[in-house]
Amino acid sequence: MMIMDLKQNIQYLKGIGPQKSKALKKIGIENIYDLLTYYPKRYSDQSELTPISMVNAGTLVNITGRLLNIQEKVSRRGMKITTALLADDSATIQIIWFNQPFIKKTLKIGSNIFIRGKADYAYGGYGHMTINQVASYSVLENNEVECKFLPLYTLPETIKPKFFRQIISTVLTDLQKVPCALPLSIRTRYKLVDKKTALQYIHQPQNKDEITAARRMLIFEELFIMQCGLIYRRKINSQNRRGIRYLANSNLTNKLYQQLPFKLTIDQQNVWREICHDMESPIPMQRLLQGDVGSGKTVIALLALVKTIENGYQGALMAPTEILAKQHFVNFCRTLTKLDIKVGLLTGSLSSKEHEDALGKIATGEWQIIIGTHALIQDKVIFAKLGFVVTDEQHRFGIEQRARLETKASYTPDVLVMTATPIPRTMTLTVYGDLDISSIKHLPPGRKPIRTFLRTKSARDKIYKFVYQQINAGRQAYVVCPLIETSENIAAVSAEAVYEELTHTVFKNISCALLHGKLNTKNKEQIMNDFFTNKIKLLVSTTVIEVGVNVPNASIMVIEGADRFGLAQLHQLRGRIGRGPYNSYCILLSDNKSDKSKQRLTLMEKVNDGFKLAEADLQLRGPGQFFGTMQHGLPDLKIADVLNDTDILLNARNEAEQWCHTQNNIAAIIETIKLQYKNNFFKIFDT
């Protein structure tokens, strides 16, 4: 038995070669370790066989038999139908495949075949028994089922399932040792099998217990690796980089706190205490503040920025859009007038002279709080003494953009990341595991709840008459569409088509505008500014307004094709209204009749709590799509599912926290981590 190099390119395995290795690379398999950790998507249970004479209609069965004949015909509608007759010692049965002409070339008369599928009567309930829904099939050698639980993989067309299983079988046979990230003490404590056994069980299980044992070990290891990576990166940040130890709150911070026109909610007070504790520690703060739209995150950021100024440092706030940055600037200037704190604004629309002037004031420290867009991370921007960084609407920035702003300080600045997209706890452990989490779960008192209604498109005329009445009463309105322009491939409403329709009918005498992502930045900012100043009454838009400006006068939103959006996104959109003293209405238009779609949209009618909706969104959509919206640069999970494997995730997190206390421990598993994940998320281990 040879010692196999797990980093060896699979091209050099017998039977693969350049063409097959190219196809396998497209699904992430480049070396032997990738091959072994490309897990089956499911299994075909071949453990119990049913004699053909005992097959009952409507049941899922496993049968084996000798192939007596196979033929192909074309239906009147052009569908290719392949039929085969299979016989065992008890009876015969017809097998039917639809639109799979390759089947005839695959099977040979006289060979022994295994079939797993659903049985039924032919000809709509009359005639002989057939299997017309084939789940899986295979040609048997020596009349034996190849594997009691046949692993099924997602493969390119050029890679045959049987060939793929044979390659894995060969590698497993030659395999002597596989590095495992899970220490023996943890494996023993949780009664987990070793890595080699787990790989054997996952690819070649003999029973369900082996599949369960393999999954437990591999899921635990994968989540343990991810948590170690997050914890280690956080540890490196706190140990290797000098932080700032701020003094306790004094005159300036206390004065701002006292002059606030409202009392902080219990949630806000708790978060403010957590942030003060972090700032007064020498370890650099890395904190995520999540809170619903309108929950009062910005005032907490403002208090932290003033605490920074009080300690002699500069603070910066980066917003995703120029209009939002300008709004923060105006509000900060108004609030800080009596405190004699100088606030500056740096955006891409400044003239060359204004830009140079701004850079000078940032570099000399004349501007104490700097609010800006991506312009803040340009190379030319040099801070005099940056001590605190706030990133607003985090999900609109990549992890590298956030990091670039942090590196513009001599010391490691304290970092506050804010998001209005509530994230369920299991996801925060995974997506933001390197950050401490603070949450504002309750809205300030006095905010009127947004009334949400689900309606079919048959009610459109009545709805838009209601919108017209609202605008005539002095309000403003949004209409949100899933597409910019009409598409032949996607049956969804486009913003351009709706804009043309509304401006030539109901709203022909109303000032309207069309906003979408293809417009240049200057045009987008101008339209949003005109809407903010009430020059535009009706804004037809795509989701670009998801993170926008605070328009208290906007009290109504119509979302066309609401079934095209996730719950979290619908809630974000809905948060654009209800910011003033007026009754606000969100109307969801959808003709989608699927139960799942109705379930989601009905939840929007009943629930205004963003955290509850986020949990429901995770349940309904699954973690894959939820990860996609995070833009965090995390590795794909190969086998774990943070939604269904919550218990293992929490255990893996606890074990990783204990294990990572010493440098030696983490160093022991770094090689395994680098082998498992090759993307930038774990580049910390290459330093």
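Above this note sits the structure.
This is a predicted model, so every value here is computed, not measured. (Residues numbered from 1 in each chain as written. Predicted model: local features only at pLDDT ≥ 70, side-chain atom pairs only at ≥ 80, totals over all residues. Heavy atoms only, no water.)

Chemist: Would you mind showing me how to read the packing of aromatic side chains here?
Modeler: Ring pairs (aromatic) are described by centroid distance and by the angle formed between their planes. For the structure on display, the rule yields nine aromatic pairs. Ring centres 4.8 Å apart and planes at 65° place the aromatic pair Y153 and F164 in the edge-to-face group. With Y153 in the loop between β7 (149-152) and α4 (161-174) and F164 in helix α4, the pair connects residues that are eleven residues apart, well separated along the chain. Across the pair, F164 and Y153 agree in class, each one buried. (Phe/Tyr/Trp six-rings, centres within 6.5 Å; stacked < 30°, edge-to-face > 60°. Helix = DSSP H or I, 4+ residues; strand = E, 2+ residues; numbered from the N terminus. Buried < 20%, exposed > 50% of the residue type's maximum accessible area, 1.4 Å probe, protein only.)

Chemist: I'm lost on the pairing of strand β18 (residues 538-541) in this one. Help?
Modeler: Each regular strand shows side chains that alternate between the opposite faces of the sheet. Residues of β18 alternate between two faces, with L538 and V540 on one and L539 and S541 on the opposite face, all of them buried. The sheet contact formed by strand β16 (residues 476-480) and β18 spans four bridges and is parallel. Paired with A477 across the two strands is L538, which belongs to β18. In this structure, strand β17 (residues 512-515) lies alongside β18, joined through four bridges in parallel fashion. (Pairing = 2+ DSSP bridges.)

Chemist: When you look at the sheet that holds strand β11 (residues 369-372) in this model, what are you seeing that I'm missing?
Modeler: Hydrogen bonding along the main chain pairs the strands of a sheet, whether they run parallel or antiparallel. Sheet architecture is open: seven strands sit in the order β10-β11-β9-β12-β13-β8-β14, paired in parallel fashion. Of all the strands in the sheet, just β10 (343-346) and β14 (436-440) have a single pairing partner and so form its edges. On average, each strand axis in the sheet is tilted by 20° relative to the strand beside it, whichever way the strands run. Here strand β8 (residues 286-291) pairs with β14 via five bridges, running parallel. By the bridge assignment, R287 is partnered in β14 with D436. Each of β8, β12 (386-391), β13 (414-419) and β14 touches helix α9 (residues 266-279); the most contacted strand, β14, lies at about 155° to it. The sheet strands contacting helix α11 (residues 322-336) are β9 (314-318), β10 and β11, and the helix crosses β10 at an angle near 170°. (Axes fitted to C-alpha atoms, helices over the stretch in contact; angles between N-to-C directions. Contact = heavy atoms within 4.5 Å.)

Chemist: How do you make sense of the pattern of salt bridges when you look at a structure like this?
Modeler: Side chains that carry opposite charge are capable of pairing whenever their charged atoms lie near each other. As enumerated under the stated definition, the model contains ten salt bridges in all. We note a salt bridge from R287 to E274, for which the minimum N-O separation is 3.6 Å. One end of the pair, R287, is in strand β8; the other, E274, is in helix α9, with 13 residues separating them in the sequence. In this structure, E322 and K326 form a salt bridge, with 3.5 Å as the shortest nitrogen-oxygen distance. Of this pair, E322 and K326 both sit in helix α11, four residues apart, which is roughly one turn of the helix. Accessibility expressed as a relative area gives 7% for E322, which makes it buried. Where salt bridges share partners, they join E274, D278 and R287 into one cluster. (Salt bridge = Lys/Arg side-chain N within 4 Å of Asp/Glu carboxyl O.)

Chemist: Help me out: how do you make sense of the nonpolar core in this one?
Modeler: A general feature of soluble globular proteins is that nonpolar side chains tend to end up buried together. L35, F164, F220 and F224 are the most contacted members of the largest nonpolar core, which totals 49 residues. Of all the elements in the fold, those that place two or more residues in this core are α1 (17-25), α2 (32-36), α4, α6 (195-203), α7 (208-240) and α22 (646-659). With nine residues, α7 is the largest single contributor of residues to this core. The contacts of F220, once residues within four sequence positions are left out, are L182, I186, Y190, L192, R215, I648, N651, A652 and E655. (Core = buried A, V, L, I, M, F, W, Y, C linked by side-chain atoms within 4.5 Å.)

Chemist: What is the right way to read the environment of L24 from this model?
Modeler: Along the chain, L24 falls in helix α1. Classification of L24 by relative accessible area gives buried; the value is 2%. Once you skip the residues sitting within four places of it in the chain, L24 turns out to touch I10, I16, I29, I159 and F164.

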